[in-house]
Amino acid sequence: MTQTDGYLLDNRQTEAGKRFDAFATLFDPTTFRHIERFGIGSGWRCWEVGAGGTSVVSWLAKKVGPTGRVVATDIDTSWAASAARPPVEIRLHDVGAEEPPGEGFDLVHARLVLVHVPDRERALRSMVKALRPGGRLLIEDADPALQPLLCPDEHGPEQQLANRLRQGFRKLLAERGADLSYGRKLPRLLREAGLREVEADAYFPVTSTACADLESATIRQIRDQLVTAGLATDEDIDRHLANVASGSMDLATAPMISAWGRK
């Protein structure tokens, strides 16, 4: 497919904040558990790549304290700007096109970022380069091809419609260069990048209020693109949003695969 310029899920849209909140509810416990295992503490220097919202950035700031440093970067920093106070520094930065914002980091972390970056290889090299010897890299990314359904229990027309719209969403992502099977590749890619002690696991929420909130915000955000591409009608989308709001469906996310290693 021909890659289309532009990030499908534009952070400038109002729905982006709701998506960040849902991501925080769904995935922060997993992210924090991994970083805690690394031994994060006072004085650590951290680079949060593609920060999006503030939940991870604020948590890191509390962990590293006033003697630490948290550099939070994104191609759009509007949602993270409120966290811009010591020890946090917010920077506009494209991890797939620019040099890292410094070196000697104890921790570099990216969640649900690299799957969308056109030059993922360069981004990964940049993140490894930014680590100090012995520093930790944690990359967490979705693998929609591993579990492509919004409703794994497709037992009725509501679920069938939901899965059809999810298929349309995946098509739009792929057309913009997203690698829908990227998550499963992370352990190998970290080893090939020279990291040691590489491990990985996956988290796969099957139903929760946050899954429904995420779906509602996402569909509203990409509504125009789905209709323009002929992947859904306005009536389809209105019906699906009503089904989601009813709370009667078990909505899942793609598995989030977390992979980590030491430089």
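Peer 1: Sorry if this is basic, but what is going on with the pattern of salt bridges here?
Peer 2: Note on pairing: side chains with opposite charge can pair once their charged atoms come close. Taken as a whole and judged by the stated rule, the model has 19 salt bridges. Note that Asp236 and Arg239 form a salt bridge whose closest N and O atoms lie 3.3 Å from each other. Of this pair, Asp236 and Arg239 both sit in helix H7 (residues 234–246), three residues apart, which is roughly one turn of that helix. Residue classification places Arg239 among the partly exposed positions, given a relative accessible area of 42%. Each member of the salt-bridge network shares a partner with another, and the members are Arg45, Asp106 and Arg132.

Peer 1: Is there a simple way to think about the packing of aromatic side chains in this case?
Peer 2: Geometrically, a pair of aromatic rings is defined through the distance of the ring centres and the angle of the planes. Under the defined criterion, the tally for this structure stands at four aromatic pairs. Considering the side-chain rings of Phe27 and Tyr203, the 6.0 Å spacing of their centres and the 90° angle between planes classify their relative orientation as edge-to-face. A residue pair is termed long-range when its members are at least 10 positions apart, and Phe27 in helix H1 (residues 15–37) and Tyr203 in strand S6 (residues 196–203) qualify at 176 residues. Relative accessible area serves as the criterion here: at 3%, Phe27 is assigned to the buried category. Aromatic pair Trp47 and Phe105: ring centres 6.1 Å apart, planes at 35°, arrangement tilted. Here Trp47, found in strand S1 (residues 45–49), pairs with Phe105, found in strand S4 (residues 105–111); they are 58 residues apart in sequence, far enough to count as distant. Take Phe105: its relative accessible area is 1%, and that puts it in the buried class. Pairwise contacts between aromatic rings join Phe23, Phe27 and Tyr203 into one cluster. The ring of Tyr182 has Arg120 lying over it, and the distance from NZ or CZ to the ring centre is 5.6 Å.

Peer 1: What is the right way to look at H7 in this model?
Peer 2: Along its 13 residues, H7 runs 18 Å from first to last C-alpha, staying within 8% of the 18 Å computed at 1.5 Å per residue. Every buried residue belonging to H7 is among Asp236, Ile237, His240, Leu241, Asn243 and Val244, and all of these are buried. The arc that holds every buried residue of H7, seen down its axis, measures 160°, which confines them to one face. The outward face of H7, more than 90 degrees from its buried face, is lined by the exposed residues Glu235 and Ala245. Lining the buried residues of H7 we find helix H4 (157–175) and helix H6 (209–228).

Peer 1: So what exactly am I meant to see when it comes to unusual backbone geometry here?
Peer 2: Negative phi is the rule for most residues except glycine; trans is the rule for most peptide bonds. Following Pro86, the chain continues to Pro87 via a peptide bond in cis, the omega torsion being 10°. Within the secondary structure layout, Pro87 lies in the loop between strand S2 (69–74) and strand S3 (88–92). Positioned with a positive phi, Glu197 is a non-glycine residue whose angle comes to about 55°. Here Glu197 shows up in strand S6. Classification of Glu197 as partly exposed rests on a relative accessible area of 41%.

Peer 1: What is the right way to read the sheet that holds strand S5 (residues 131–142) from this model?
Peer 2: Strands pair in a sheet through their backbones, by hydrogen bonds, and they do so in one of two ways: parallel or antiparallel. A sheet is described by the order of its strands in space; here seven strands give the open sequence S3-S2-S1-S4-S5-S7-S6, paired in mixed fashion. Here the strands that pair on one side only, and so sit at the sheet edges, are S3 and S6. Between one strand axis and the next, the sheet turns through 15° on average, direction left out of account. Against the sheet, H1 touches S4, S5, S6 and strand S7 (256–262), its axis set at about 155° to S4. Lying on the sheet, helix H2 (residues 55–64) is in contact with S1, S2, S3 and S4; it crosses S2 at an angle near 165°.

Quick notes on the rules
Residues numbered from 1 in each chain as written. Predicted model: local features only at pLDDT ≥ 70, side-chain atom pairs only at ≥ 80, totals over all residues. Heavy atoms only, no water. Salt bridge = Lys/Arg side-chain N within 4 Å of Asp/Glu carboxyl O. Helix = DSSP H or I, 4+ residues; strand = E, 2+ residues; numbered from the N terminus. Buried < 20%, exposed > 50% of the residue type's maximum accessible area, 1.4 Å probe, protein only. Phe/Tyr/Trp six-rings, centres within 6.5 Å; stacked < 30°, edge-to-face > 60°. Lys NZ or Arg CZ within 6 Å of the ring centre and 35° of its normal. Expected span 1.5 Å × (residues − 1). Arc of directions from axis to C-beta. Contact = heavy atoms within 4.5 Å. Pairing = 2+ DSSP bridges. Axes fitted to C-alpha atoms, helices over the stretch in contact; angles between N-to-C directions.

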